[in-house]
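Structure assessment
Spelled out, the chains give:
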There are 2 protein chains.
Amino acid sequence: MLTTHEKPREDTAALMADIGRRARAAARPLAIASAERKHASLIGMADAVLRGEDTILAANAIDLRNGEEARLGASFMDRLKLTPARIRDMADGIRAIAELRDPVGEVIAEWDRPNGLHIERVRTPLGVVGVIYESRPNVTADAGALCLKAGNPVILRGGSDSSNSSAAIHACLVEGLKAAKLPADAIQLVPTTDRAAVGEMLKGLSGNLDVIIPRGGRSLVERVQNEARVPVFAHLEGICHLYIDASAKLDMAIAIAVNAKMRRTGICGAAETLLIDRAAASTHLLPVLKALRKAGCEIHADTDVLAAFADATPATETDWFTEYLDAIIAVKLVDGVSGAIEHIETYSSHHTEAIVAEDAATVERFFNEIDSAILLHNASTQFADGGEFGMGAEIGIATGKMHARGPVGVEQLTSFKYRVRGSGQVRA
Amino acid sequence: MLTTHEKPREDTAALMADIGRRARAAARPLAIASAERKHASLIGMADAVLRGEDTILAANAIDLRNGEEARLGASFMDRLKLTPARIRDMADGIRAIAELRDPVGEVIAEWDRPNGLHIERVRTPLGVVGVIYESRPNVTADAGALCLKAGNPVILRGGSDSSNSSAAIHACLVEGLKAAKLPADAIQLVPTTDRAAVGEMLKGLSGNLDVIIPRGGRSLVERVQNEARVPVFAHLEGICHLYIDASAKLDMAIAIAVNAKMRRTGICGAAETLLIDRAAASTHLLPVLKALRKAGCEIHADTDVLAAFADATPATETDWFTEYLDAIIAVKLVDGVSGAIEHIETYSSHHTEAIVAEDAATVERFFNEIDSAILLHNASTQFADGGEFGMGAEIGIATGKMHARGPVGVEQLTSFKYRVRGSGQVRA
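As a starting point, this report considers the structure included with it. (Residues numbered from 1 in each chain as written. Chains lettered and ligands numbered in written order. Predicted model: local features only at pLDDT ≥ 70, side-chain atom pairs only at ≥ 80, totals over all residues. Heavy atoms only, no water.)

A few words on the interface of chain A and chain B. In this complex, chain A contributes 73 residues to the contact, which on the side of chain B involves 73 residues. Carbon and sulfur atoms supply 50% of the area that chain A and chain B bury against each other, a total of about 5900 Å² over both sides. Area buried by chain A at its contact with chain B is led by Met402, Tyr418 and Arg427 of chain A, which between them contribute 14% of it. At the boundary of chain A with chain B, the tally comes to six salt bridges. Inspection of the region where chain A meets chain B yields 49 residue pairs in polar contact (both at pLDDT 80 or more). Those elements that place two or more of their residues in the side of chain A that touches chain B are β2 (118–125), α9 (218–227), α10 (250–262), α14 (336–347), α15 (360–369), β13 (374–379), β15 (406–407) and β16 (414–425) of chain A. Of the residues contributing to the side of chain A that touches chain B, the split by class is 33 nonpolar, 20 polar and 20 charged. (Contact = heavy atoms within 4.5 Å. Buried area = accessible area lost by both parts, 1.4 Å probe. Salt bridge = Lys/Arg side-chain N within 4 Å of Asp/Glu carboxyl O. Polar contact = N/O pair within 3.5 Å; in protein donor to acceptor, adjacent residues only side chain to side chain. Helix = DSSP H or I, 4+ residues; strand = E, 2+ residues; numbered from the N terminus. Nonpolar A, V, L, I, M, F, W, Y, C, P; charged D, E, K, R; others polar.)

A word on the relation of the copies chain A and chain B. It takes a turn of 180 degrees to lay chain A on chain B, together with a shift of 0.0 Å along the axis; the resulting RMSD is 0.0 Å. Both copies of the chain, as the preceding transformation shows, are related through a two-fold rotation axis. If distances are taken from each C-alpha of chain A to the rotation axis, the shortest is found for histidine 403 of chain A, at 2.0 Å. Both copies share a contact surface, since 100% of the interface residues of chain A are interface residues in chain B too. (Least-squares fit on C-alpha atoms with pLDDT ≥ 70 in both.)

Take the sheet that holds strand β4 (residues 154–157) of chain A next. All names here are of chain A. With parallel pairing, the four strands of this open sheet are ordered in space as β5-β4-β3-β6. On the outer flanks of this sheet lie β5 (187–189) and β6 (211–215), each paired with one strand and no other. Adjacent strand axes in the sheet meet at a mean angle of 20 degrees, parallel and antiparallel pairs treated alike. Direction of pairing for strand β3 (residues 129–133) relative to β4: parallel, over a ladder of four bridges. Pairing of glycine 130 across the sheet is with isoleucine 155, part of β4. On the sheet, α9 packs against β3 and β6 and is oriented at approximately 165 degrees with respect to β6. (Pairing = 2+ DSSP bridges. Axes fitted to C-alpha atoms, helices over the stretch in contact; angles between N-to-C directions.)

Attention shifts here to the packing of helix α1 (residues 12–31) of chain A against helix α8 (residues 196–203) of chain A. Residues and elements named next belong to chain A. Contact geometry for α1 and α8: axes closest at 9 Å, N-to-C directions at 45 degrees. When the axis of α1 is compared with that of α8, the two are oblique. The crossing of α1 and α8 is right-handed. Residues Thr12, Ala13 and Met16 of α1 pack against Ala196, Ala197, Glu200 and Met201 of α8. Residue classes in the contact of α1 with α8 are distributed as five nonpolar, one polar and one charged. (Parallel < 35°, antiparallel > 145°, perpendicular 65-115°, else oblique. Left-handed = near helix turned anticlockwise from the far one by under 90°.)

As a further point, take the packing of aromatic side chains. Scanning all chains against the criterion turns up ten aromatic pairs over all chains. An angle of 80 degrees between the planes, with centres 5.7 Å apart, marks the rings of phenylalanine 416 of chain A and tyrosine 418 of chain A as edge-to-face. Just as phenylalanine 416 of chain A is buried, tyrosine 418 of chain A falls in that class too. Summarising the aromatic geometry, the rings of tyrosine 418 of chain A and phenylalanine 389 of chain B are spaced 5.2 Å apart at their centres and angled 90 degrees between planes, so their arrangement reads as edge-to-face. Placement of tyrosine 418 of chain A in strand β16 and of phenylalanine 389 of chain B in the loop between β13 (374–379) and β14 (397–398) is noted, with the two residues assigned to different chains. Judged on exposure class, the residue tyrosine 418 of chain A and its partner phenylalanine 389 of chain B are both buried. Counting every residue linked through ring pairs, the aromatic cluster contains Trp111, Phe416 and Tyr418 of chain A together with Phe389 of chain B. Across the ring face of phenylalanine 416 of chain B, the terminal group of arginine 121 of chain B is positioned such that the distance to the ring centre comes to 5.5 Å. (Phe/Tyr/Trp six-rings, centres within 6.5 Å; stacked < 30°, edge-to-face > 60°. Buried < 20%, exposed > 50% of the residue type's maximum accessible area, 1.4 Å probe, protein only. Lys NZ or Arg CZ within 6 Å of the ring centre and 35° of its normal.)

Moving on to α8 of chain A. Residue and element names in this part refer to chain A. Restricting attention to buried positions, one finds in α8 the residues Ala197, Val198, Gly199, Met201 and Leu202. On the buried face of α8, the contacting elements are α1, β3, β4, β6 and α9. Phi turns positive one or two residues past the end of α8, at glycine 204, with a value near 95 degrees.

Residues and elements named next belong to chain B. Two elements in contact, helix α14 (residues 336–347) and helix α15 (residues 360–369), have axes separated by 10 Å at closest approach and are oriented at 20 degrees. Taken together, the axes of α14 and α15 lie roughly parallel to each other. Here α14 and α15 pass one another in a crossing that is right-handed. Counting all contacts with α14, which are made through Val337, Ser338, Ile341, Ile344 and Glu345, the residues of α15 involved are Thr362, Arg365, Phe366 and Glu369. Broken down by class, the residue content of the contact of α14 with α15 amounts to four nonpolar, two polar and three charged.

This paragraph deals with the pattern of salt bridges. Within this structure, the stated rule accounts for 54 salt bridges over all chains. One salt bridge connects aspartate 78 of chain B with arginine 86 of chain B, and the closest N-O pair in it is separated by 3.3 Å. The exposure class assigned to aspartate 78 of chain B is partly exposed, which follows from its relative accessible area of 42%. Taking the shortest distance from any N to any O, the salt bridge between arginine 218 of chain B and glutamate 237 of chain B comes out at 2.4 Å. Of the two residues, arginine 218 of chain B is situated in helix α9 (residues 218–227) and glutamate 237 of chain B in the loop between α9 and β7 (240–244); the sequence distance between them amounts to 19 residues. Several salt bridges converge on common partners, so that one network encompasses Arg101, Glu106, Arg123 and Glu411 of chain A.

Here we take up unusual backbone geometry. Positioned with a positive phi, arginine 71 of chain A is a non-glycine residue whose angle comes to about 50 degrees. Relative to the helices and strands, arginine 71 of chain A resides in the loop between α3 (53–69) and α4 (74–80). Looking at arginine 71 of chain A, the relative accessible area reads 75%, which means it is exposed. Despite not being glycine, histidine 403 of chain B shows a phi value in the positive range, around 75 degrees. Mapped onto the elements of the fold, histidine 403 of chain B is located in the loop between β14 and β15 (406–407). Of the residues examined, histidine 403 of chain B reaches a relative accessible area of 15% and is grouped as buried.

Right, let's talk about the sheet that holds strand β6 (residues 211–215) of chain B for a bit. Residue and element names in this part refer to chain B. Spatial ordering of the open sheet is given by β5-β4-β3-β6, a layout of four strands whose pairing is parallel. Sheet topology places β5 (187–189) and β6 at the edges, where each strand pairs with a single neighbour. The mean inter-strand angle of the sheet, taken between neighbouring strand axes irrespective of direction, is 20 degrees. Taken strand by strand, α9 contacts β3 (129–133) and β6, and its axis lies near 165 degrees from that of β6.

See the structure below:
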């Protein structure tokens, strides 16, 4: 599987240091590039991806052949595989990012001081972003385009199994940068599959990497969160809860429960635990569980629930901590919203929680007392998504509370500075 | 200097772990405490500080006696010394924080989606804050009150030379917390002068410390920035620049230069380097330098400036990197705003820079192309201060770009979450 962009291991530290320096050098020209120039470069990237279809597919064929030899699993191979339609989607994705409002220079807040100073807080790029991802070639395009839009140089480190596909896509992004006279180093792809490259990124490339965004499974995110010496925007898991209050409309509760769990079971916003108000045990419990079973969902139930609904497996303590990412849900009776809040604050991964209720005071308690990135009332947890929030593309969802929280889109990839306008003021 | 709150060294790791756990346990009750309760606790703290004047002064007398025995310097002793007037100022400071708008629950942004979902981004507390400071007893009150207002538990680690004073002040803060029925652990003072306690904080107290704010001199901030495994809000130095453009009004340039450098030379917002447009060498240079000399400022000048103004010391490369914090300024001729931007982007600490100019396009280039936390036009760099920005109290100024930048006040000590209100929406 040694390819043309493989480098011997001993060079990796030097290579990564050089990549870091190049990224830092690209930061200033990128920060002061006009919105028009960035837009033009993104359109150029999308066009280059479409023009490069044959080259990208040929590179992808090498990755697929290597993947077959390495006997990679079917779902892995499906994520790896590119088709003309997927390449068109990728180009459309870049084009959509091009059309987002340019965040750099946007005035977020402004106010006047009694001495006549006018203060503005304006958005600036955040710095050099590192994206570490598994073998989904499209992340190369998404992450590259999103960071460029926010004015941030990006260092992309894709999975080794998609290295040929990513390199071909990356070449198209660089074409767009060059055509718009932006520095080619604004989007760099780490040209080695040596895992030591990731270690160098986690150490921060001597101060030349400002934030790391991992995209991938639990073990990747866990390693990044544990070892990174720079800030990380990520979520480790999405143990999302749905609470059905006694005041909930039954039809709505059923529709939301089935959608929150079963629409797509493999995404981070899928509900993993269903909490039902004990006061609704005789009204809501059975209809909701029957609907879930009918939709093909397995139920892991606590003793109270089991007593009422036998078509279930007994839940153990582990269930409350488990992100199934599958057609399984853990179900528990709780003592009203207080019980729901207690359970969620104990077991949640602070990603997304939803309540179905008609009682306004109950909803306010749920909203005020739960400390998760996203709280929803009378809506499915599966809306936890930057696109659904109207932010355009997102690079992931963060559960940390520092800087970015919830969907990480183009705005979350910016910082700010203050511009103060005076007329000769001096301080007394 | 062993005092009653000293503990033997071997207990420090266990002690700090316990402090971290207590802080984390206080986070939730504090996060959901009403604005009224937090306000009442702050007023209670201010009252307790006033009532406790004798006790605080007695504790301070012990610190002063120890300081004399240890032959601490005069300016150090001055910062350490409390008086009835300083205690009144401290109580007034707490009261001013009490009267700030409560940030928790504030809706920062809200919008509607085509499917009818209403999305709000609302402020939440940030988490457990650690403040590491030198022997200024008043920081105990300021930092404790500011963190409480934002709903964050705080772990205060004051300088060992002020340990008795800080303990007496801390007791008053706890009195205010208890009277308002808030957890006493919301504001903890590390009860040991063992330096290993700082090391434990820098390691993050097993995930129970979310951010560290160092308050003190360069060596403290440098150690914290280098060693902390959690985010840090700080600035290492304030190498602030003042650029005088050829389009500047001369009188304004003189007034701002003298104020930016000489109003207070020891603060981080004091100008350290003066850049003058080469096109203004014959008009602005001498009057500005003469005014600075007359105000008692020493001039370190580059060759071009020396040729025109002999009453100066030749500047070396080191001068451009130096934060004098004294009545000294480095002066250089530059080629217009482009030259000023080049110099600033090379040597600045990205804290605060000011331009004096009448030409609007020149000002916009300065504002757009310089990446510092605060940029001012026709105003003194000494306005770089949370109070002057109208933010109320500040805990310091940050030059990092992650989360907080510029003055760190109560808003910068918050995070946010999303509240989404629906009417039964499920995702397609």
